[in-house]
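Chain by chain, the residues:
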Amino acid sequence: MTEAEERAEAGTGCGGHACSCGEVDGPGYPELDVRAVPHAIRHATIFGALESVQPGAGLELVAPHDPLPLLDQINQRWPGAFAVAYRERGPEAWRLTLERTDA
């Protein structure tokens, strides 16, 4: 059995899910830099990423502006499910950690 197959069988492949692509996430939360994502699909892209975040895990979001409307939408979709911590507040980028805290 290959290493990728062993990780997939153990559920420790990509971010702990059982795919067989062979990729392994590095330490810390994955970074989602949405500055290059077209505005029309930016929030949908972030929501899709957050759907895959398991309790106790998270992601680092990099945005082109303070994402207050997005944070409101996240709290409406998943009330109290994500803790938010700002790491950088502009002017070029806003960096936030979104950690899933619900069980």
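Only a predicted model underlies this, so the values are computations on that prediction, with no experimental measurement involved. (Residues numbered from 1 in each chain as written. Predicted model: local features only at pLDDT ≥ 70, side-chain atom pairs only at ≥ 80, totals over all residues. Heavy atoms only, no water.)

1. Observations concerning helix 3 (residues 68-77)
Within helix 3, the full set of buried residues consists of Leu70, Leu71 and Ile74. Projected onto a plane normal to the axis of helix 3, the buried residues spread over an arc of 100° and lie on a single side. In helix 3, those exposed residues whose orientation departs by more than 90 degrees from the buried face are Pro69, Asp72 and Gln76. Buried residues along helix 3 sit against helix 2 (39-51), strand 2 (58-63), strand 3 (82-89) and strand 4 (94-100). (Buried < 20%, exposed > 50% of the residue type's maximum accessible area, 1.4 Å probe, protein only. Helix = DSSP H or I, 4+ residues; strand = E, 2+ residues; numbered from the N terminus. Arc of directions from axis to C-beta. Contact = heavy atoms within 4.5 Å.)

2. As for the nonpolar core
Of all hydrophobic cores here, the largest spans 19 residues; its most connected members are Leu50, Leu61, Ile74, Phe82 and Leu98. The contact partners of leucine 98, leaving out residues within four places of it in the chain, are Leu50, Ala57, Gly58, Leu59, Leu61, Leu71, Ile74, Phe82, Ala83 and Val84. (Core = buried A, V, L, I, M, F, W, Y, C linked by side-chain atoms within 4.5 Å.)

3. Remarks on the environment of glutamate 92
Residue placement: glutamate 92 occurs in the loop between strand 3 and strand 4. Assessed through its relative accessible area of 64%, glutamate 92 is described here as exposed. Along the primary structure glutamate 92 and histidine 65 are separated by 27 residues, whereas in three dimensions their C-alpha atoms are 7.8 Å apart. In this structure glutamate 92 touches Arg35, Ala63 and Pro64, once residues within four positions along its chain are discounted.

4. So, the packing of aromatic side chains
Taken as a whole and assessed by the stated rule, the structure comprises two aromatic pairs. When the centroid spacing of 6.1 Å and the interplanar angle of 70° are considered together, the rings of phenylalanine 47 and tryptophan 78 count as edge-to-face. Residue phenylalanine 47 is located in helix 2, and its partner tryptophan 78 is located in the loop between helix 3 and strand 3; the two are separated by 31 residues in the primary sequence. Overall, phenylalanine 47 belongs to the buried group, its relative accessible area being 10%. Look at tryptophan 78 and you get buried, because its relative accessible area is 11%. Both rings, one in tryptophan 78 and one in phenylalanine 82, keep their centres 5.6 Å apart while their planes meet at 75°; by these two values the pair is edge-to-face. What makes phenylalanine 82 buried here is its relative accessible area of 12%. (Phe/Tyr/Trp six-rings, centres within 6.5 Å; stacked < 30°, edge-to-face > 60°.)

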